[in-house]
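Structural characterization, general
If you want the building blocks of each chain, they are given just below.
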Amino acid sequence: MSHLVLVGMMGVGKTTVGRIASNRLGHPLIDSDVVIEERTGRTVREIFETDGEPAFRALETEMLLEALASPEPSVIVAAGGVVLDPANRRALSAADARVVWLVAEPMTLAERVERGGHRPLLDGDPAATLQRMWDERQPLYREVADAVVSVDNRSPQEVVEAVLR
Ligand code: S3P
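Residues numbered from 1 in each chain as written. Predicted model: local features only at pLDDT ≥ 70, side-chain atom pairs only at ≥ 80, totals over all residues. Heavy atoms only, no water.

1. A short note on the sheet that holds strand E1 (residues 3–8)
Taking strand neighbours across the sheet as the criterion, the five strands line up as E2-E3-E1-E4-E5 in an open arrangement whose pairing is parallel. Where the open sheet ends on each side, the last strands, each with one partner, are strand E2 (29–31) and strand E5 (147–150). Going from strand to strand, the sheet's axes swing by 25° on average, the running direction of each strand aside. Bridge count between strand E4 (residues 97–103) and E5: four bridges; the pairing is parallel. Each residue of the ladder has a partner; that of Val-103, found in E5, is Ser-150. Helix-sheet contacts for helix H7 (residues 126–144) involve E1 and E4, and the interaxial angle to E4 is about 150°. (Pairing = 2+ DSSP bridges. Helix = DSSP H or I, 4+ residues; strand = E, 2+ residues; numbered from the N terminus. Axes fitted to C-alpha atoms, helices over the stretch in contact; angles between N-to-C directions. Contact = heavy atoms within 4.5 Å.)

Take a look at the structure:
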């Protein structure tokens, strides 16, 4: 059995879908942002504000590589920005893992994304930021994805069914 890795933009529902898929499969859930907060004892926002984005990206890479190296098949919720680093993309392609890209219209993301919390990059104008990120990241998600699942007009359960298929 290989890992199931969920990638996609902020607000697409990776954490919710990951939780349900982990229960369904009976595989442990490794959620990048949660692990980073547990390990460092700091919030994602604090890390961004105190150490800056590059420091956060380094932690994100560390968590991804560690999760992919886990001998136990797991459901891995990768943080949204994980595809920015070419080394992470190579690791995702090389790993014994099925990578599923969850996709939503940028406008859907802007409507449902929770502001504040662990998403300091969306503090300004979330719709514009999400559109810019989408333009930049779309080819990168496509590069690593084994499958693409749309979340538009689907309940989390329906998304999980599609992911597992
Ligand atoms: C980020 C996504 C966030 C979090 C951080 C940066 C990004 O995680 O890691 O705010 O650059 O896409 P989610 O994808 O879980 O929202």
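So much for the structure itself; the text now carries on.
2. Points about the site of the ligand
Taken together, 13 residues sit near the ligand, with Lys-14, Asp-33, His-118, Arg-119 and Arg-137 positioned nearest. Between the ligand and the protein, one listed contact pairs an oxygen atom with a side-chain N or O atom of Asp-33 at 2.7 Å. A distance of 3.0 Å separates an oxygen atom of the ligand from a polar backbone atom of Gly-80. When isolated, the ligand has an accessible area of 390 Å², and the protein chains bury 98% of it. Taken together, the residues of the shell around the ligand break down into five nonpolar, three polar and five charged. (Near = heavy atom within 4 Å. Polar contact = N/O pair within 3.5 Å; in protein donor to acceptor, adjacent residues only side chain to side chain. Areas by Shrake-Rupley, 256 points an atom, 1.4 Å probe, with all protein chains shown as cover. Nonpolar A, V, L, I, M, F, W, Y, C, P; charged D, E, K, R; others polar.)

3. Considerations on unusual backbone geometry
Even without being a glycine, Asn-153 presents a positive backbone phi close to 60°. With respect to the helices, strands and loops of the structure, Asn-153 is situated in the loop between E5 and helix H8 (156–164).

4. Observations concerning the pattern of salt bridges
Applying the stated rule across the entire model yields eight salt bridges. A salt bridge links Arg-39 to Glu-66; its shortest N-O distance comes to 2.6 Å. Of this pair, Arg-39 sits in helix H2 (residues 32–40) while Glu-66 is found in helix H4 (residues 53–69), placing the two residues 27 residues apart along the sequence. Here Arg-39 falls in the partly exposed class, since its relative accessible area comes to 48%. Here Glu-66 falls in the partly exposed class, since its relative accessible area comes to 40%. (Salt bridge = Lys/Arg side-chain N within 4 Å of Asp/Glu carboxyl O. Buried < 20%, exposed > 50% of the residue type's maximum accessible area, 1.4 Å probe, protein only.)

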